[in-house]
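# A closer look at the structure
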Amino acid sequence: MKNKWIRRGLPLLVLSAAVATAVIMVKSRPELPRRESAAVIPLVDVLVAQPGPIPVTVSSRGTVAARTDIELVSEVAGRVVWVAPEFVLGGAVKEGDTLLRIDPLDYEVALSVARAAVASAELSLAEVQVVVKKAAIEEAKAQVQASRDRLRQAEADLANTTIVAPFDAIIDSKRADLGQYVQAGSALMRLLSTSRAEVRLPLLASDVPFVSYGQLPDGSWPEATLTGRFGDIERSWQARLVRLEQRLDEQTRVFYLVAEVEAPYDAARHPWPLSIGLFVDALIQGVELPVATRIPRSALHGGDAVYLVKEGMIRKRPVEVLRRDRDTVLVGAGLAAGDEVILSRLDIMVDGMRVAVAS
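This section reports on the structure supplied with the text. (Residues numbered from 1 in each chain as written. Predicted model: local features only at pLDDT ≥ 70, side-chain atom pairs only at ≥ 80, totals over all residues. Heavy atoms only, no water.)

## Let's talk about the nonpolar core
Under the convention used in this document: Throughout this description, the term nonpolar core refers to a set of buried Ala, Val, Leu, Ile, Met, Phe, Trp, Tyr and Cys residues connected via side-chain atoms within 4.5 Å. Exposure classes here rest on a 1.4 Å probe applied to the protein chains alone. A residue is buried below 20% of its type maximum, exposed above 50%, and partly exposed in between. Per the convention used, a helix needs a DSSP run of H or I reaching at least four residues, while a strand needs a run of E reaching at least two, with both numbered from the N terminus. A contact between two residues is defined here by any heavy atoms of the two lying within 4.5 Å.
Of all hydrophobic cores here, the largest spans 28 residues; its most connected members are Val64, Leu203, Leu226, Leu257, Leu274, Val280 and Ile284. At the level of secondary structure, the elements contributing two or more residues to this core comprise strand S3 (52-66), strand S12 (196-203), strand S13 (223-230), strand S14 (233-244), strand S15 (255-262) and strand S16 (279-296). The element contributing the most residues to this core is S16, with five residues. Not counting residues within four places of it along the chain, the set of residues in contact with Val280 comprises Arg61, Gly62, Val64, Val199, Leu226, Thr227, Gly228 and Leu274. Formed by 20 residues, the second largest nonpolar core is a distinct cluster that contains Val76, Val93, Ile102 and Leu191.

## Let's talk about the environment of Ser59
Examined against the element boundaries, Ser59 turns out to sit in strand S3. Linking Ser59 and Gly286, residues 227 residues apart in sequence, is a C-alpha distance of 9.9 Å. Other than its neighbours up to four places away in sequence, Ser59 contacts Ala282 and Leu283.

## A look at the sheet that holds strand S7 (residues 98-102)
This is how it is decided: Note: two strands are recorded as paired if DSSP finds a minimum of 2 bridges between them.
The antiparallel open sheet is built from four strands, whose spatial order is S8-S7-S5-S10. A single partner strand is all that each edge strand has here, and the edge strands are strand S8 (162-164) and strand S10 (181-182). Bridge analysis of strand S5 (residues 78-83) against S7 gives three bridges, and the strand direction is antiparallel. By the bridge assignment for S7, Val80 is matched with Ile102.

## Notes on helix H3 (residues 134-159)
To keep it simple, the criterion reads: Multiply 1.5 Å by the residue count of a helix minus one, and that product is the helix's expected span.
Its 26 residues give H3 an end-to-end C-alpha distance of 38 Å, which sits within 8% of 38 Å, the value for a rise of 1.5 Å per residue. Residues of H3 that are buried: Ile137, Ala140, Val144, Ser147, Leu151, Ala154 and Asp157. On its buried side, H3 packs onto helix H2 (105-131).

## Notes on the environment of Ser206
Secondary-structure assignment places Ser206 in the loop between S12 and S13. Classification of Ser206 as partly exposed rests on a relative accessible area of 48%. Ser206 sits 117 residues away from Arg323 along the chain, and the two C-alpha atoms are 8.4 Å apart.

## Re the sheet that holds strand S6 (residues 92-93)
Sheet strands line up and pair through hydrogen bonds in the backbone, either parallel or antiparallel. With antiparallel pairing, the four strands of this open sheet are ordered in space as S4-S11-S9-S6. Looking at strand neighbours, the two that pair on one side only are strand S4 (69-73) and S6, the edges of this open sheet. Summarising the sheet, S6 and strand S9 (residues 169-174) pair through two bridges and their orientation is antiparallel. Within the sheet, the bridge partner assigned to Ala92 lies in S9 and is Ile170.

Spelled out as structure tokens, the structure:
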């Protein structure tokens, strides 16, 4: 019985001794040095604010059009008996150039008849004046005046058989040609004036306050630079801003600012012709803001606030947004010279958070 107890108790004694030994070893082991976790301060890029005068530019685009665009009609009827070599689609003509001639025979006959009628009426008046009857004299005078009026009409009709260009123009379309019979009042051609070209430039309502137009007090005109592309080649022209159309387009909800270019085809004024129908980009010279700061649009938070670095910490600052462009924002009140505007976008940005400015 005694031996049985000894056999059962030995393992317990060995286990207890092992535990006691382990405890002693743990307690006697030297304590490991503790490491302090270093706080990581994020780096940020900043823009140093320098408020000052900033000229505003507004972008738009439009199609070049002739300022004067007319349908030239025939004032007489007849067959076209001659056309000028320049009378072709896209042809350039000068003021006073003869473009068409209509058969004048009928009108030459009418003119001869009218002249004879005038002579007859004047003779009748001379005969009546001998009689000295007031009523007869007045009637004869009226006949003379009527015959003279018909003579002027016959002269005008004969002159109108020759169709001339009323101004320097491009022939945009032709509706008559050699041998064709035309009626009085029928369209012969469409003419686009080349003395001045216009471009209607759409503007959002928010852009309108930043542009000026019409002649300025000093006699100058606000300008816009028009740019057109010809494959890989860019050409530019200077235009003046002449008017803002006083209506809002009901469908697009935009205003139209009109830019004008004088003598668009004149090589002495322009290094390259500004062709009617060309699509152009426009950079409009706007007003100058007296005090503003330009910052990237990404630096704006919540639509009207920025984050600054002040004494190594983030500080949120509300600002006055004067204008928003595609990539930048013009800020007025809220930024002072030397303010460091944070450009970086951190995952967490809270007021009072410590940051460091990247060098």
